[in-house]
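Residue-level structure breakdown
The primary structure of each chain is shown beneath.
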Amino acid sequence: AALDGVDAVYVAFDGDVLEPDCGISMHMPEPGGLTPEAAEGILSAVSGRTPVAGIGFSGFVADPGNIPGLLRFCSAAGL
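This text gives an overview of the structure that appears in the document. (Residues numbered from 1 in each chain as written. Predicted model: local features only at pLDDT ≥ 70, side-chain atom pairs only at ≥ 80, totals over all residues. Heavy atoms only, no water.)

As for the packing of helix H1 (residues 36-49) against helix H2 (residues 67-76)
For the pair H1 and H2, interaxial distance at closest approach is 8 Å and the crossing angle is 30°. Here H2 runs roughly parallel to H1, going by the angle between their axes. Contacts between H1 and H2 involve Pro 36, Glu 37, Ala 39, Glu 40, Leu 43, Ser 44 and Ser 47 on the former and, on the latter, Arg 72, Phe 73 and Ala 76. (Axes fitted to C-alpha atoms, helices over the stretch in contact; angles between N-to-C directions. Helix = DSSP H or I, 4+ residues; strand = E, 2+ residues; numbered from the N terminus. Parallel < 35°, antiparallel > 145°, perpendicular 65-115°, else oblique. Contact = heavy atoms within 4.5 Å.)

Quick look at the structure:
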C-alpha cells in the first residue's frame, strides 16, 4: 500500500539488516537478519511496482569486497 500512487521511490538500504557472515561487510550485522537473496527479492518486488529513483547505502564497511554485493542490490532495484 505504501507504493500506491507514487511516481518513483528512493530506497535507503541499511546494510546492518543483513545476516552476519553473508559475504558483505557491515558495521553491525543482525543475527537472524536477511540473506542477500531475500534483500534482492524485496528490491526486485519494489522496482517491479514503481521505478526506483535512487538508492542510498549505509551501515557498510568501506571494503572493496562489498562492491559486487552492492552492485547486485542496485541491479535488483533496476538501477
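Some thoughts on the pairing of strand S1 (residues 9-14)
Alternating residues of S1 divide into Val 9, Val 11 and Phe 13, all buried, and Tyr 10, Ala 12 and Asp 14, none buried. Each parallel crossover has a hand, and the one from S1 via H1 to strand S2 (residues 52-58) is right-handed. (Buried < 20%, exposed > 50% of the residue type's maximum accessible area, 1.4 Å probe, protein only. Right-handed = clockwise from strand over helix to strand, strands pointing away.)

Observations regarding the environment of Phe 13
Examined against the element boundaries, Phe 13 turns out to sit in strand S1. In this structure Phe 13 comes out as buried when scored by relative accessible area, which is 7%. Residues Phe 13 and Ile 55, spaced 42 residues apart in sequence, show a C-alpha to C-alpha distance of 7.0 Å. Every residue in contact with Phe 13, bar those within four places of it in the chain, is listed here: Leu 18, Ala 39, Leu 43, Ile 55, Gly 56, Phe 57, Ser 58, Phe 60 and Phe 73.

Some remarks on the pattern of salt bridges
In total, this model carries three salt bridges according to the counting rule given. In this structure, Glu 37 and Arg 72 form a salt bridge, with 3.6 Å as the shortest nitrogen-oxygen distance. Here Glu 37 is found in helix H1, whereas its partner Arg 72 is found in helix H2, with 35 residues between them in sequence. Each of Glu 37, Glu 40 and Arg 72 takes part in salt bridges that share partners, so that together they form one network. (Salt bridge = Lys/Arg side-chain N within 4 Å of Asp/Glu carboxyl O.)

Remarks on the nonpolar core
The biggest cluster of nonpolar side chains holds 18 residues, and the ones touching the most others in it are Val 11, Phe 13, Leu 18, Ile 24, Leu 43 and Phe 73. Elements with a minimum of two residues in this core: S1, H1, S2 and H2. Sequence-distant contacts of Ile 24, that is, excluding residues within four places in its chain, are made with Leu 18, Pro 36, Phe 60, Asn 66, Gly 69 and Phe 73. (Core = buried A, V, L, I, M, F, W, Y, C linked by side-chain atoms within 4.5 Å.)

Things to note about the packing of aromatic side chains
What the rule picks out here adds up to four aromatic pairs. Pairing Phe 13 with Phe 60 gives two aromatic rings, centres 6.0 Å apart and planes at 25°, and the pair type is stacked. Taken together, the residues span a long stretch of sequence, with Phe 13 in strand S1 and Phe 60 in the loop between S2 and H2 at a distance of 47 residues. The residues Phe 13 and Phe 60 share a single accessibility class, namely buried. Residues Phe 57 and Phe 60 carry aromatic rings whose centres are separated by 5.9 Å and whose planes lie at 80° to one another, so their mutual orientation is edge-to-face. Judged by relative accessible area, which is 13%, Phe 60 ranks as buried. An aromatic cluster is built from Phe 13, Phe 57, Phe 60 and Phe 73, whose rings are joined through pairwise contacts. (Phe/Tyr/Trp six-rings, centres within 6.5 Å; stacked < 30°, edge-to-face > 60°.)

Limitation: the analysis is restricted to geometry and does not speak to function.
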